[in-house]
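The chain contents come next:
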Amino acid sequence: MAAVRPQKSLGTCVLRLFSLLGETMENIIYTTPEEQIQKLKSQNLIIDDEEKATAALYAYGYSNLIKSYREPYIIRSDNATLYRSGVTFDQVYSLYMLDKNLRNAVIAAMLDLEEHIKEQASDVVANSFGIHPDEYLNYRNYRNKRKRRKQFTLSSILTTMRNALDTDKDPIHHYNTVHEIVPPWILFKSIYFSTIINYIDQFRIKEQIQMAHKLYDISAYNITELQAVQLMMDTLYLASDYRNLAAHGGRVYNYTSKNRLRIDDIINDCGSLANAGFNQLLVALKLLNYSGPAKHIRSILNKQLNRHCNLYPQDVTYLGQILNIDIVQKRVVFTSDHSNKFHRTPYCSGIKNAQKIDYDKAISKGYIPCKRCIKDK
């Protein structure tokens with residue numbers, strides 16, 4: 001006969017819950033940045049400039065700067081957190097700044113993409129249904145695809161769009177007052193990107209194919225129109241996910257979206273790095289005819305990776321794996337007209353008018369490494 005597990009009383013469960021809450025509350029205490037500095041030093045983190053580190057903690061917060069970016073640099077054992085040998089506050093801060101700049105780049109790129117997508121969608125519906133709201137917001141023009149979230153059902157989307165027509169804000173108010181009509185390219189400006197994406201998902205296949213032709217050179221990729229539609233929707237949902245993450249201050253560099261780019265089923269030569277990590281977004285944007293968002297993110301990412309990995313080359317492998325990209329490190333150093341030394345940073349030893357130069361070029365010109373900031377040479 002199977003043993004019967006004794007049931008805990010409600011009172012026992014409640015007491016246990018309050019006990020756990022008490023333990024959690026005891027572990028969360030307020031500390032000043034000065035106290036946080038001492039804690040970090042006790043955890044083996046090297047802090048060369050305490051004043052600078054304290055100012056950073058005051059500016060960005062311990063949770064944002066340290067707890068969110070320390071993971072690659074720590075070892076946990078017996079409920080203790082210790083930093084790996086040689087890890088500095090500046091290294092953690094540099095990773096934080098890499099992600100912050102990347103996050104800002106994602107926001108800017110997604111706003112650019114949003115504007116482009118809205119313009120293409122408005123052109124499709126205007127061409128198919130006309131420019132009057134009664135025409136292009138007609139329920140029968142769409143397919144009523146089932147959605148998990150009520151706000152993205154066809155009826156909810158069309159209701160949201162109709163409600164947006166009733167506003168005293170321009171340019172919608174201007175078009176209502178002066179022209180007595182609001183065309184889709186004006187209305188869509190005030191609609192959330194996520195709503196527009198789900199609206200496009202409700203297009204009938206004819207309009208989706210028209211939209212896909214606007215976004216992709218389908219013949220160049222040797223894919224069918226239906227595959228292009230699948231690629232389009234995967235890309236839009238992926239872009240929306242990263243946009244929302246970035247807008248709410250989430251970590252971007254090591255984020256893996258639940259929205260998958262089913263690229264292996266569509267394009268055979270995209271490579272093994274195309275369907276995971278941040279590289280998913282890079283690949284998805286690169287395939288679009290409109291190149292602005294992809295170029296902007298890639299430019300910022302390359303700049304930040306080059307900056308961080310020049311300072312901390314030991315992070316190249318980790319960042320390459322977590323971003324799911326191949327990092328080709330281009331080492332740069334800094335020189336001045338008043339010295340024969342090159343430096344890792346443009347601020348070392350109080351140098352003025354520092355000039356950026358490739359490491360190999362600096363060596364060929366006879367510059368020697370600064371013993372203060374370049375200890376590995």
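Relevant structure appears above.
Residues numbered from 1 in each chain as written. Predicted model: local features only at pLDDT ≥ 70, side-chain atom pairs only at ≥ 80, totals over all residues. Heavy atoms only, no water.

### Regarding the environment of Ala 55
What counts, and what does not: Secondary structure elements are taken from DSSP: a helix is a run of H or I of four residues or more, a strand is a run of E of two residues or more, and numbering for both begins at the N terminus. Per-residue accessibility, obtained with a 1.4 Å probe over protein chains only, is compared with the maximum for each type, and a residue is labelled buried under 20%, exposed over 50%, and partly exposed between these values.
With respect to the secondary-structure elements, Ala 55 resides in helix 3 (residues 50–60). Ala 55 sits in the partly exposed class, given a relative accessible area of 45%. As a C-alpha pair, Ala 55 and Pro 33 span 22 residues in sequence and 8.1 Å in three-dimensional space.

### Quick notes on the packing of aromatic side chains
How we decide: The criterion for an aromatic pair is that two Phe, Tyr or Trp rings (for Trp, the six-membered ring) have centres within 6.5 Å, with stacked assigned to planes under 30 degrees apart, edge-to-face to planes over 60 apart and tilted to the rest.
Within this structure, the stated rule accounts for 14 aromatic pairs. Residues Tyr 60 and Tyr 96 carry aromatic rings whose centres are separated by 5.1 Å and whose planes lie at 50 degrees to one another, so their mutual orientation is tilted. Taken together, the residues span a long stretch of sequence, with Tyr 60 in helix 3 and Tyr 96 in helix 5 (residues 89–129) at a distance of 36 residues. Residue Tyr 60 is classed as partly exposed on the basis of its relative accessible area, which comes to 24%. The rings of Tyr 60, Tyr 69, Tyr 93, Tyr 96, Tyr 253 and Tyr 318 are connected pair by pair, giving a single aromatic cluster.

### Points about helix 13 (residues 225–247)
What counts is decided by this rule: Each residue after the first adds 1.5 Å to the expected span of a helix.
Here helix 13 contains 23 residues, and its C-alpha end-to-end distance of 33 Å stays within 8% of the 33 Å for a straight helix at 1.5 Å per residue. At the exit of helix 13 stands Gly 249, carrying a positive phi of roughly 75 degrees.

### Some points on the pattern of salt bridges
The line we're drawing: Here a salt bridge means any side-chain nitrogen of Lys or Arg lying within 4 Å of a carboxyl oxygen belonging to Asp or Glu.
A complete count under the given rule lists 10 salt bridges for this structure. Measuring nitrogen to oxygen at the nearest pair gives 3.9 Å for the salt bridge that ties Arg 143 to Asp 201. Linking Arg 143 in the loop between helix 6 (133–136) and helix 7 (154–165) with Asp 201 in helix 10 (residues 193–201), this pair joins segments that are 58 residues apart in sequence. Taking the relative accessible area as the measure of exposure, Arg 143 reaches 36% and is therefore partly exposed. With a relative accessible area of 5%, Asp 201 lands in the buried category. A salt bridge links Lys 145 to Asp 201, with the shortest nitrogen-to-oxygen separation between them at 3.2 Å. Of the two residues, Lys 145 is situated in the loop between helix 6 and helix 7 and Asp 201 in helix 10; the sequence distance between them amounts to 56 residues.

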